[in-house]
Amino acid sequence: MKMFKALLKTRLAALFYSFTRGSKNKKGHSALGKAGIALLFIYVVGCMMWLFGSLWESMCEPFYRLGLAWLYFAFVGITTLIICFVGSVFMAQQQLFAAKDNDLLLSMPIPPRAIVAGRMLMLIALSYLTEALIVLPAAYVWLVSLPVTAAGVVIFALAFLALPMISLALSCLFGYLIEAVTSRLGRGKNLFTMVISIAFLALYFVFYSRMQEYISVLITNGAQVGDAIRTAVPPLYWLGNAVASHDAGQLLLFLACCILPFGAAYALISRSFISIATRRTSGAKRVYRRGD
């Protein structure tokens with residue numbers, strides 16, 4: 001247990017250092033530089049929470065008046081799931097499948113399951129930070145706009161604490177696929193990663209530029225959209241209905257949909273971690289030819 005705590009602490013310290021070190025000389029920032037980073041961080045967080053708060057404010061009361069309060073929570077869940085997935089998929093690829101210290105850790109008396117657990121906990125902690133930017137404004141809008149009960153608050157908290165487990169399980173799957181492709185590209189690895197990242201950003205900006213149009217369509221066709229979600233994505237319907245109707249049975253179904261894939265991803269990665277960490281694949285290699 002002590003070894004696991006030390007490993008997790010080391011991973012978090014390395015992540016923090018990567019955000020605060022200097023760009024070229026790798027020395028820490030000055031006190032003024034750290035203050036500037038802190039202010040920039042607070043500004044970005046404030047802007048993101050204001051953006052999502054405006055989004056949820058435009059949806060909360062209209063869905064409640066239509067008798068579709070569950071759809072509000074379902075859309076909060078969909079948004080959280082997508083953004084946490086996009087934000088963690090490349091991090092999962094780097095931390096779980098392409099970390100530079102894999103050989104060092106495997107040379108120590110550390111069980112692979114402890115290495116994987118430490119890295120997955122770090123990833124889910126980052127997902128919680130991302131989720132907070134989305135869910136806290138949604139909770140605030142809900143509290144000031146609609147009737148709220150203690151049971152609803154408890155169910156809301158439990159459901160959204162479990163939600164990042166789904167996104168992390170999906171991130172692990174896609175991270176493995178990305179690593180399987182990029183590990184064979186050689187020099188094209190960075191280009192491939194950049195193209196995928198740009199594609200995600202492009203989709204985000206397209207969605208953001210048409211967000212008001214999408215919201216109007218959702219409110220106008222709320223019943224049809226709700227039926228589609230209930231049929232196509234039952235876990236998100238269970239999430240929304242559990243919070244809106246205080247349905248403990250649907251909460252348990254949703255929690256199972258979060259915990260079981262997360263546990264399966266951890267078990268599979270732990271079992272195959274040694275083969276993943278010691279795999280050596282690359283693109284075409286140059287053959288040295290002696291000149292005359």
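This section reports on the structure supplied with the text. (Residues numbered from 1 in each chain as written. Predicted model: local features only at pLDDT ≥ 70, side-chain atom pairs only at ≥ 80, totals over all residues. Heavy atoms only, no water.)

A word on the overall build of the chain
Turning to step 1, where the next piece is worked out: Within the chain, the secondary structure is distributed over eleven helices and zero strands.
Turning to step 2, where the next piece is worked out: Listing each helix as α and each strand as β along the chain from the N terminus yields α-α-α-α-α-α-α-α-α-α-α.
Turning to step 3, where the next piece is worked out: Out of the 292 residues in the chain, the part that is buried amounts to 38%.
Turning to step 4, where the next piece is worked out: Restricting the contact set of the chain to residue pairs at least 6 apart, pairs at least 24 apart contribute 81%.
Turning to step 5, where the next piece is worked out: Working note: accessible area of the chain is about 17200 Å², and carbon and sulfur atoms make up 69% of it. (Helix = DSSP H or I, 4+ residues; strand = E, 2+ residues; numbered from the N terminus. Buried < 20%, exposed > 50% of the residue type's maximum accessible area, 1.4 Å probe, protein only. Contact = heavy atoms within 4.5 Å. Areas by Shrake-Rupley, 256 points an atom, 1.4 Å probe, with all protein chains shown as cover.)

Topic: unusual backbone geometry
Turning to step 1, where the next piece is worked out: One non-glycine residue with positive phi stands out, namely H246, at about 60 degrees.
Turning to step 2, where the next piece is worked out: Along the chain, the position of H246 falls in the loop between α10 (234-245) and α11 (248-277).
Turning to step 3, where the next piece is worked out: Of the residues examined, H246 reaches a relative accessible area of 35% and is grouped as partly exposed.

Comments concerning the environment of A125
Turning to step 1, where the next piece is worked out: Residue placement: A125 occurs in helix α5 (residues 112-145).
Turning to step 2, where the next piece is worked out: Sequence separation of A125 and P164 is 39 residues, and the distance between their C-alpha atoms is 9.2 Å.

Points about the packing of aromatic side chains
Turning to step 1, where the next piece is worked out: On inspection of all chains with the given rule, the structure shows ten aromatic pairs.
Turning to step 2, where the next piece is worked out: Measuring from ring centre to ring centre gives 6.4 Å for F52 and W56, while their planes differ by 20 degrees; the resulting arrangement is stacked. Of this pair, F52 and W56 both sit in helix α2 (residues 31-65), four residues apart, which is roughly one turn of that helix.
Turning to step 3, where the next piece is worked out: A relative accessible area of 6% means that F52 is categorised as buried.
Turning to step 4, where the next piece is worked out: Its relative accessible area of 0% is what places W56 among the buried residues.
Turning to step 5, where the next piece is worked out: Through a chain of ring-to-ring contacts, the aromatic side chains of F52, W56, Y72, F73, W142, F156 and F160 assemble into a single cluster. (Phe/Tyr/Trp six-rings, centres within 6.5 Å; stacked < 30°, edge-to-face > 60°.)

Re helix α9 (residues 222-232)
Turning to step 1, where the next piece is worked out: Listed as buried for α9 are G222, V225, G226 and I229. Down the axis of α9, the buried set is contained in an arc of 100 degrees. They therefore lie on one face. Exposed residues lying more than 90 degrees from the buried face of α9 are Q224, T231 and A232. (Arc of directions from axis to C-beta.)

Side note on the pattern of salt bridges
In a structure, side chains of opposite charge can pair up when their charged atoms sit close to one another.
Turning to step 1, where the next piece is worked out: Tallied over the entire structure, the rule returns two salt bridges.
Turning to step 2, where the next piece is worked out: One salt bridge in this structure joins R65 and E61, with 3.1 Å as the shortest N-O distance. Of the two residues, R65 and E61 both sit in helix α2, four residues apart, roughly one turn of that helix.
Turning to step 3, where the next piece is worked out: Looking at E61, the relative accessible area reads 33%, which means it is partly exposed.
Turning to step 4, where the next piece is worked out: Here D227 and R230 are joined by a salt bridge, their closest N and O atoms 2.6 Å apart. A residue pair is termed a helical-turn pair when its members lie 3 or 4 positions apart in one helix, as D227 and R230 do in helix α9 at three residues.
Turning to step 5, where the next piece is worked out: Among the residues examined, D227 registers a relative accessible area of 42% and is labelled partly exposed. (Salt bridge = Lys/Arg side-chain N within 4 Å of Asp/Glu carboxyl O.)

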